[in-house]
Amino acid sequence: MIATRVVVLGSGPGRRFEAFKEAAHRAGLSNIVPLAYGQKPDLRPGDWLRFDSPDESEAAMQAVLDAGQEEARRRGFPCQSPLSSAQLAFGLRALQREAVAPGVYLSASPDEIALCYDKTGCAAHLSTLGIPVPQVFAPPPSFEAFLELLRAQKRLFVKQRYGAGAAGTMAVTAGPKGQVVAYTTLAIGAAGPRPIKRVQKVTDRKDIEQMFTFLHPFGLHVERWIPKAGVDGRSCDLRIVAIRNAPPFAVLRLSQGPITNLHLDAERADADRLFTMMAPERLDALWDTIAKVQAAFPNSLSVAPDIAISADLRRHYVLEVNAFGDHIRRMTIDGRTPQDWQIKHMLEARSHAA
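A brief report on the enclosed structure follows. In this text the structure is predicted, and so the values were computed from the model without any measurement.

1. Thoughts on unusual backbone geometry
Here the phi dihedral of arginine 330 falls at roughly 55 degrees; this positive angle occurs in a residue that is not glycine. Tracing the sequence through the fold places arginine 330 in the loop between strand S16 (316-322) and helix H10 (338-353). Take arginine 330: its relative accessible area is 71%, and that puts it in the exposed class. Of note, the phi angle at aspartate 334 is positive, near 55 degrees, even though the residue is not glycine. Here aspartate 334 is to be found in the loop between S16 and H10.

2. Structural notes on the sheet that holds strand S1 (residues 5-10)
Pairing in this open sheet of four strands is parallel, and the strands run S2-S1-S3-S4 from one edge to the other. Strand pairing shows two members of the sheet lacking a second neighbour, strand S2 (31-36) and strand S4 (105-106), which therefore form its edges.

3. Here's the deal with the side chain of arginine 50
Counting through the fold element by element, arginine 50 comes out in strand S3 (residues 48-51). With a relative accessible area of 3%, arginine 50 lands in the buried category. At 2.9 Å, the side chain of arginine 50 forms a polar contact with the side chain of aspartate 326. At 2.8 Å, the side chain of arginine 50 and the side chain of glutamine 342 are in polar contact. When near neighbours in sequence (up to four residues on either side) are disregarded, arginine 50 contacts Val6, Val7, Val8, Leu9, Phe20, Ser107, Asp326 and Gln342.

4. Notes on the environment of alanine 182
Checked against the element boundaries, alanine 182 lands in strand S8 (residues 180-189). Among the residues examined, alanine 182 registers a relative accessible area of 0% and is labelled buried. In sequence terms alanine 182 and threonine 169 are 13 residues apart; their C-alpha atoms lie 9.6 Å from each other.

5. A look at helix H6 (residues 143-153)
Within H6, the full set of buried residues consists of Phe143, Phe146, Leu147, Leu149 and Leu150. Each buried residue of H6 sits inside an arc of 165 degrees when the element is viewed along its axis, so together they form one side. In H6, the exposed residues that point more than 90 degrees away from the buried face are Glu148 and Ala152. Of the surrounding elements, those touching the buried residues of H6 are strand S5 (136-137), strand S6 (155-160), strand S7 (170-174), S8, helix H7 (205-215) and strand S10 (220-224). Lysine 154, located one to two residues past H6, shows a positive phi value of around 75 degrees.

6. Quick word on the pattern of salt bridges
The full count for this structure, using the stated rule, is 26 salt bridges. Here aspartate 326 ties to arginine 16 by a salt bridge, and the two come within 3.5 Å at their closest N and O atoms. In this pair, aspartate 326 is assigned in the loop between S16 and H10 and arginine 16 in helix H1 (residues 15-26), connecting sequence segments 310 residues apart. By the burial criterion, aspartate 326 is buried, and arginine 16 matches it. Between lysine 119 and glutamate 320 there is a salt bridge; the shortest N-O distance is 4.0 Å. Of this pair, lysine 119 sits in helix H5 (residues 119-128) while glutamate 320 sits in strand S16, and the two are 201 residues apart along the sequence. Like glutamate 320, lysine 119 is buried. One salt-bridge network, in which partners are shared between bridges, spans Lys228, Asp237, Arg239, Arg253 and Asp306.

7. Some details on helix H3 (residues 85-99)
For H3, with 15 residues, the first-to-last C-alpha span of 21 Å sits near the 21 Å given by 1.5 Å per residue. Most of H3 sits inside the fold, with eleven of its 15 residues counted as buried. Within the sequence span of H3, burial applies to Ser85, Ala86, Gln87, Leu88, Ala89, Phe90, Gly91, Leu92, Leu95, Gln96 and Ala99. If you follow the buried residues of H3, they end up packed against S1, S3, helix H2 (58-74), helix H4 (110-117) and S6.

8. Here we look at the sheet that holds S10
Read from one edge of the open sheet, six strands run S5-S10-S6-S7-S8-S9, paired in antiparallel fashion. The open sheet is flanked by S5 and strand S9 (192-202), the only strands paired with a single partner. In this sheet, S9 lies alongside S8 in antiparallel orientation, the contact comprising seven bridges. When the sheet's bridge partners are listed, alanine 187 is paired in S9 with arginine 194. Lying over the sheet, H5 contacts S5, S6 and S10, oriented at roughly 45 degrees with respect to S10. The sheet contacts of H6 involve S5, S6, S7, S8 and S10, and relative to S6 the element is tilted by about 135 degrees.

9. Observations concerning the packing of H6 against H7
Here H6 crosses H7 at 110 degrees, and the two axes come no closer than 10 Å. Classified by the angle their axes make, H6 and H7 are roughly perpendicular. You can see that H6 and H7 cross each other, and the crossing is right-handed. Contacts from Phe143, Glu144, Phe146 and Leu147 of H6 reach H7 at Arg205, Ile208, Glu209 and Phe212. Its residues assigned to classes, the contact of H6 with H7 comprises five nonpolar, no polar and three charged.

Here is what the cut-offs are and how they apply
Residues numbered from 1 in each chain as written. Predicted model: local features only at pLDDT ≥ 70, side-chain atom pairs only at ≥ 80, totals over all residues. Heavy atoms only, no water. Helix = DSSP H or I, 4+ residues; strand = E, 2+ residues; numbered from the N terminus. Buried < 20%, exposed > 50% of the residue type's maximum accessible area, 1.4 Å probe, protein only. Pairing = 2+ DSSP bridges. Polar contact = N/O pair within 3.5 Å; in protein donor to acceptor, adjacent residues only side chain to side chain. Contact = heavy atoms within 4.5 Å. Arc of directions from axis to C-beta. Salt bridge = Lys/Arg side-chain N within 4 Å of Asp/Glu carboxyl O. Expected span 1.5 Å × (residues − 1). Axes fitted to C-alpha atoms, helices over the stretch in contact; angles between N-to-C directions. Parallel < 35°, antiparallel > 145°, perpendicular 65-115°, else oblique. Left-handed = near helix turned anticlockwise from the far one by under 90°. Nonpolar A, V, L, I, M, F, W, Y, C, P; charged D, E, K, R; others polar.

Take a look at the structure:
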């Protein structure tokens, strides 16, 4: 029997929910229930449980953080901080696992969502499957050890292992005379480093050391900084939305610096501006990688990898995979939004299973 009720566990009502509900209505589904993390789903066999981000609701975010606090503390991560990303990741997995019920169709596996939130674990998973990722380095135990690694590699990205949305990210480069420059979403305040929603350039070595030392307890993911292709004199990369049995959606992200998240003042552009610069065989290799990423998460209807194309346009690398990256506005393929394609696949899968 085709599911007629869809429960969306995320922020409750909000922009993401409305985009999905509108797509569901276009498909003839009317019983779409918004639910925030912290509220217990009342699920029945045949329902579809869609997991979504809690980021549009302070109450949902707090419920997730509360659910992840015990595991985060047990594993030695700081809690109740704006950068408590491990706490957030552990809380999501706990609440999503609790929500799973017999006979319910899931939009994604809670464990696969958790893997997306674990940058180091996700990179290892993709690499094992032959999917190109930036080289990952063991987190240096101190800033001096980090500088030693930086001198050898010249450019490094420092991220929170369980981070999202570039929170606390640092792109660091070493100059020929020992100078260090960081592009980061941290700022030094009166109480020490704090996250900000913009990218700034930092050249003071003491400030960079303070930021690195501040981030270290949250768990680090350190990777080689890939020099990215440029369009119109700006650095760029791709956000791809890969949906099972659907053509991939692609958005180009243009930035004056190495951090390209759209909410950090990067500019969204037509991906064809980059694709037309690439040789056909390089573009074919990119589509092959996208298919492999989708296959790497077999129990997830949709995943959204971020992909860097190298400056010479000859190679590409999967930077990370987003579990909730399908909220792309004003974009359709064959008249369907990403949500339309997901619902189409869900209905077809349930019809075949009936």
